[in-house]
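Here is what each chain is made of, one letter per residue.
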Amino acid sequence: MPGDRVIIFDTTLRDGEQSPGFTMGIDEKLMMAKQLERLGVDVIEAGFPISSKGDFEAVRKIATEIQECEIAALARTKKDDIEHAYRAIKDAAHHRIHIFASTSDIHLVHQLKKTREEVLKMAVEAVKLAKSYTQNVEFSPMDATRSDRNYLCKVIESVIEAGTTTVNIPDTVGYSMPWEFASLIRHIRQNVGGVEKAVLSVHCHNDLGLATSNSLIAVLEGARQVECTINGIGERAGNASLEEVVMSIKARQDLLHFQTSIRSEQIYPTSRLLTKITGVNVQPNKAIVGSNAFSHESGIHQDGILKHRLTYEIVTPESVGISKSSLVLGKHSGRHAFQERLQDIGFTLSEEQVEQAFQRFKILADKKSEIFDEDMEAIVTETVIRAADKYKLTGLTVVCGTAATPTATVSLQVNETSIKGSEFGDGPVDAAFKAIKNLTGTKSRFLSYSVNSITGGTDAQGEVTVRLEENGNIVIGQGAHEDIIMASAMAYLNALNKLAYLEKNPVNRSARRHASWQ
Ligand code: KIV
Ligand code: ZN
């Protein structure tokens, strides 16, 4: 059997980011990559460089700045893809090219319109080309779980012979049952010549809710790399969730005698950072990182927990970085305490960024006596993560109430220019949105709008989430402020800024959908 260390390959910034609504800008991806490095992942799949200029640039930046993790870039078997991938990662301390090609007849016949022999040849040639750039080449036979086993084994054997160092078995459509997946991994280990020359990896999707189970059983069968994402984000129902895989291994050492390099106390800060960057929260009952994951509601459970925590707790909140009390700072707190708390909750910022965030903190602390972690996250989101935006809100005045027609006057800075406009509406939010729509000339369509309170109390910050669509791009915008009209305007602008980013960095959708082979 191979050794007992499991390599954690994080694909939050590639498979995760490519699903609708999870778009990240270049600096956001870099911020996330820095946190993944703190978390201790072995490999960061930073993107798919051929798919957009923005993705290329993000991978290049991450490759230059991250020292401790290996940086992987995705490529189809095409020469151009492989060259793009290499150019993006070449400055990394440790780099890897990840090539994929479908092997199931369903994909070959209906999507690629290629024969098995053609795909086999393309895969081998692609691996050889990638090997001329780097020693570290991963190959994924896409839709492996619905591929003919003999053909699959032939492809795997051939790419290993061509120099592949990691063979990744994707359950691309989340179709496999755990026992079936176990048998597939066993079959590959028993029937592929030279299989011991490559690390065996798995990449499981969650369409039937089995991604974590499938990943773990594959490890028991000899896989030594698991591909996963923070919060389980990814295509459709997502990928195996990093926190579930890692904490299962940690919590069940009696059955799973394996180690990972993950610093588990960084799990929660990483999960929160992702939600702040993408604007997409995890469901409350999500394992490990959901807001209910450690709350005990029923009387019997509470009674048990008070008597002995082990009665109903298999993982402690502290072990994944959830602090018992999230009450942190107030208006007398200084810059140093502020910076330390930011680090504790997952934000490593430059001096200048700390200063920007601290100024906003002081304003908020004057209005609100207790500043919670959630407030801190909102402060950084507004002052740092959104700092490079095209549209910035510089002023908002609303008139509303029973005796007035709701009116909003909005001032924006668009790149270097200041603009201002007023509109009436059915209510103050509607008026503010109409004013922003006119000023920015957006054609986007509203898909949803929701308001939440970040913490308790009437002085809590309101958090607004909007979902917009334009030209096939779906984005999620968030804004947080003690005034919910402000929070609404900020959320709308955040979504418009994401659309502006996608407009500037169009995504090659056919590459992302793996459809184009010409
Ligand atoms: O799901 C999948 O098959 C993939 C491959 C590119 C590894 O994401
Ligand atoms: Zn995938």
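Residues numbered from 1 in each chain as written. Chains lettered and ligands numbered in written order. Predicted model: local features only at pLDDT ≥ 70, side-chain atom pairs only at ≥ 80, totals over all residues. Heavy atoms only, no water.

**Student:** A description of the packing of aromatic side chains should follow, citing residues and the corresponding values.
**Tutor:** Aromatic ring pairs are defined here through the distance separating the ring centres and the angle between the ring planes. With the rule as written, the count across this model stands at 9 aromatic pairs. Seen from their ring centres, Phe433 and Tyr492 are 4.8 Å apart, and the 50° between their planes marks the pair as tilted. Of this pair, Phe433 sits in helix α16 (residues 428-440) while Tyr492 sits in helix α17 (residues 484-504), and the two are 59 residues apart along the sequence. Grouping aromatic residues by their ring pairs yields a cluster made of Phe433, Phe446, Tyr449 and Tyr492. Its guanidinium or amino end placed over the ring of Tyr175, Arg146 lies 6.0 Å from that ring's centre, counting from NZ or CZ. (Phe/Tyr/Trp six-rings, centres within 6.5 Å; stacked < 30°, edge-to-face > 60°. Helix = DSSP H or I, 4+ residues; strand = E, 2+ residues; numbered from the N terminus. Lys NZ or Arg CZ within 6 Å of the ring centre and 35° of its normal.)

**Student:** Summarise the pattern of salt bridges; cite the residues concerned and give the values.
**Tutor:** This structure, assessed with the given rule, holds 32 salt bridges. Arg14 is the partner of Glu45 in a salt bridge, and the nearest nitrogen-oxygen pair spans 3.0 Å. Taken as a pair, Glu45 in strand β2 (residues 43-47) and Arg14 in helix α1 (residues 12-16) lie far apart in primary sequence, 31 residues in all. Linking Arg309 and Glu313 is a salt bridge whose minimum nitrogen-to-oxygen distance equals 2.9 Å. According to the relative accessible area criterion, Glu313 is buried, its value standing at 7%. In this structure, a network of salt bridges that share partners links the residues Arg14, Asp15 and Glu45. (Salt bridge = Lys/Arg side-chain N within 4 Å of Asp/Glu carboxyl O. Buried < 20%, exposed > 50% of the residue type's maximum accessible area, 1.4 Å probe, protein only.)

**Student:** Now, about the sheet that holds strand β14 (residues 445-453): what can you tell me, with residues and values included?
**Tutor:** Read across the sheet, 3 strands follow the order β14-β15-β16 without closing on themselves; strand pairing throughout is antiparallel. Whereas interior strands pair on both sides, the edge strands pair on one side only; in this sheet they are β14 and β16 (473-481). Taking the axes of each pair of neighbouring strands and ignoring which way they run, one obtains an average angle of 15° across the sheet. Across 8 bridges, the pairing between β14 and strand β15 (residues 462-470) is antiparallel. Residue pairing for β15: Ser448 is matched across the bridge by Arg467. (Pairing = 2+ DSSP bridges. Axes fitted to C-alpha atoms, helices over the stretch in contact; angles between N-to-C directions.)

**Student:** Mind laying out the environment of Ile99, listing which residues take part and the relevant values?
**Tutor:** Within the secondary structure, Ile99 sits in strand β4 (residues 95-102). As for Ile99 and Lys420, which are separated by 321 residues in sequence, their C-alpha atoms are 49 Å apart. Those residues in contact with Ile99 that lie beyond four places of it in its chain are Ala75, Arg76, Thr77, Ile82, Ala126, Val127, Ala130, Val137, Glu138, Phe139 and Ser140. (Contact = heavy atoms within 4.5 Å.)

**Student:** Summarise the coordination of the zinc ion (ligand 2); cite the residues concerned and give the values.
**Tutor:** Taken together, Asp15 (OD), His203 (NE2) and His205 (NE2) make up the full set of protein donors to the zinc ion (ligand 2), lying 2.0 to 2.1 Å away. The sequence pattern formed by the donor residues of the zinc ion (ligand 2) is D-x187-H-x1-H. Of this pair, Asp15 sits in helix α1 while His205 is found in the loop between β7 (199-204) and α9 (211-220), placing the two residues 190 residues apart along the sequence. Here the two residues Asp15 and His205 agree in accessibility, since each one is buried. (Donors = N, O, S within 2.8 Å, 3.2 Å for Na, K, Ca; no water.)

That is the geometry; function is a separate question.
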